[in-house]
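If you want the building blocks of each chain, they are given just below.
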Amino acid sequence: MVSKSCDLGVAARVIDESRILLVKEASGHYAGKWGLPKGYVEAEESPESAVLRELMEETGSTGSIVGLAAVRSTTNNGIPAVFLCYDVNIETKEDGHESNEITEYGWFSLDQLKTLDWISETMHNLAIEGLSGFRMSIQPRKPLSKSGQSYYVYSMNKHSKLVT
């Protein structure tokens, strides 16, 4: 059976030189609150493509996916709601990027996290975990597909490793 609808969101947990990249929301329910670069998966877009697109749209930076850091699942108005947080390595940093969705963004140390007004406790905890020195990402693999369609499988295996 195939689900007809799902609220699917993604976030990028980007850590560089013991600091994490955070964004401050410009409008809506979370206006003025801090969190990871995030957004929704659009039609015919993979979650992996969506998280890298959101990172670019919100901060102007590019990156590559290291692995899957966390999954949050719940229901929202009777519809399954799934949120995927990816660990992302930064490739290019953009200073002064402007976005309609974000009022500001920046790099924060572990000590600075407690002073921020957060979108959610989940975002705050993901940031703390990311900077705590013990991050674990489930590594992606691209298995062979008879149909030729590209897809990723995330699983713990003997090749999974800690990301520091």
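Residues numbered from 1 in each chain as written. Predicted model: local features only at pLDDT ≥ 70, side-chain atom pairs only at ≥ 80, totals over all residues. Heavy atoms only, no water.

Engineer: Give me the lowdown on the overall build of the protein chain, citing residues and values where you can.
Structural biologist: A tally of regular secondary structure across the protein chain gives 2 helices and 11 strands. Starting at the N terminus, the α and β elements of the protein chain follow one another as β-β-β-β-α-β-β-β-α-β-β-β-β. Counting the 164 residues in the protein chain, one finds 39% classified as buried. Contacts spanning at least 24 positions in sequence make up 63% of the contacts within the protein chain whose residues lie at least 6 apart. When the accessible surface of the protein chain is summed, it comes to about 9,800 Å², and 50% of that surface belongs to carbon and sulfur atoms. (Helix = DSSP H or I, 4+ residues; strand = E, 2+ residues; numbered from the N terminus. Buried < 20%, exposed > 50% of the residue type's maximum accessible area, 1.4 Å probe, protein only. Contact = heavy atoms within 4.5 Å. Areas by Shrake-Rupley, 256 points an atom, 1.4 Å probe, with all protein chains shown as cover.)

Engineer: Tell me about empty space enclosed by the protein, residues and numbers included.
Structural biologist: All chains considered together, the criterion is met by 1 cavity of 30 Å³ or more. When its volume is computed, the largest cavity comes out at roughly 30 Å³. Along its surface, the largest cavity is lined by L21, S61, K93, E94, D95, Y105 and W107. (1 Å grid on protein atoms, 1.4 Å probe; cavity = no way out; pocket = protein on both sides within 12 Å on 5 of 7 lines; lining within 4 Å. Points joined across faces, edges and corners; volume = space filled by probe spheres on them.)

Engineer: Can you break down the pairing of strand β6 (residues 79–92) residue by residue, with the values?
Structural biologist: Where strand β1 (residues 7–16) meets β6, 8 bridges bridge the pair, whose relative direction is parallel. Each bridged residue has a counterpart across the sheet, and for A11 the counterpart in β6 is C85. Pairing of strand β5 (residues 62–76) with β6 involves 13 bridges; the strand directions are antiparallel. Residue pairing for β6: G63 is matched across the bridge by I90. As consecutive antiparallel partners, β5 and β6 are separated by 2 residues, and within that stretch N77 has a phi angle of approximately 55°, a positive value. (Pairing = 2+ DSSP bridges.)

Engineer: Describe the pattern of salt bridges, naming the residues involved and giving the relevant values.
Structural biologist: Under the defined criterion, the tally for this structure stands at 10 salt bridges. A salt bridge links E57 to R53; the shortest N-O distance between them is 3.3 Å. Here the residue E57 and the residue R53 both occupy positions in helix α1 (residues 47–59), the gap between them amounting to 4 residues, near one helical turn. (Salt bridge = Lys/Arg side-chain N within 4 Å of Asp/Glu carboxyl O.)

Engineer: Lay out the nonpolar core with the relevant residues and their values.
Structural biologist: As a rule of thumb, nonpolar side chains are buried together in soluble globular proteins. In this structure, I20, L22, L36 and L113 are the most contacted members of the largest nonpolar core, which totals 18 residues. Within the residue set of this core, elements represented by two or more residues are β1, β2 (19–25), β6 and α2 (121–131). Top contributing element to this core by residue count: α2, with 4 residues. Counting 14 residues, the second largest nonpolar core, distinct from the first, contains V14, A50, L68 and L84. (Core = buried A, V, L, I, M, F, W, Y, C linked by side-chain atoms within 4.5 Å.)

Engineer: Describe the layout of surface pockets, naming the residues involved and giving the relevant values.
Structural biologist: The space that makes up the largest pocket amounts to roughly 560 Å³. Around the largest pocket, the lining is made up of 20 residues, and of these Y30, K38, Y40, R72 and F83 lie nearest the centre. For the lining of the largest pocket, the elements supplying multiple residues, two or more each, are β1, β4 (38–40), α1, β5, β6 and α2. For the lining of the largest pocket, the per-class residue count stands at 7 nonpolar, 6 polar and 7 charged. (Nonpolar A, V, L, I, M, F, W, Y, C, P; charged D, E, K, R; others polar.)

Engineer: Outline α1, supporting the account with residue identities and numerical values.
Structural biologist: Spanning 13 residues, α1 covers 18 Å between terminal C-alpha atoms, matching the ideal 18 Å at 1.5 Å per step. Among all positions in α1, only P47, E48, A50, V51, R53, E54, L55, E58 and T59 are buried. Where α1 terminates, the next one or two residues include G60, which has phi positive at roughly 75°. (Expected span 1.5 Å × (residues − 1).)

Engineer: Help me get a handle on the packing of aromatic side chains, residues and values and all.
Structural biologist: Applying the stated criterion across every chain, the model contains 1 aromatic pair. Arranged with centres 5.0 Å apart and planes meeting at 70°, the rings of W34 and F108 form a pair that is edge-to-face. Taken as a pair, W34 in strand β3 (residues 34–35) and F108 in strand β7 (residues 102–108) lie far apart in primary sequence, 74 residues in all. Grouping residues by exposure puts W34 and F108 together as buried. Taking the ring centre of W107 as reference, the NZ or CZ of K93 above it sits at 4.7 Å. (Phe/Tyr/Trp six-rings, centres within 6.5 Å; stacked < 30°, edge-to-face > 60°. Lys NZ or Arg CZ within 6 Å of the ring centre and 35° of its normal.)

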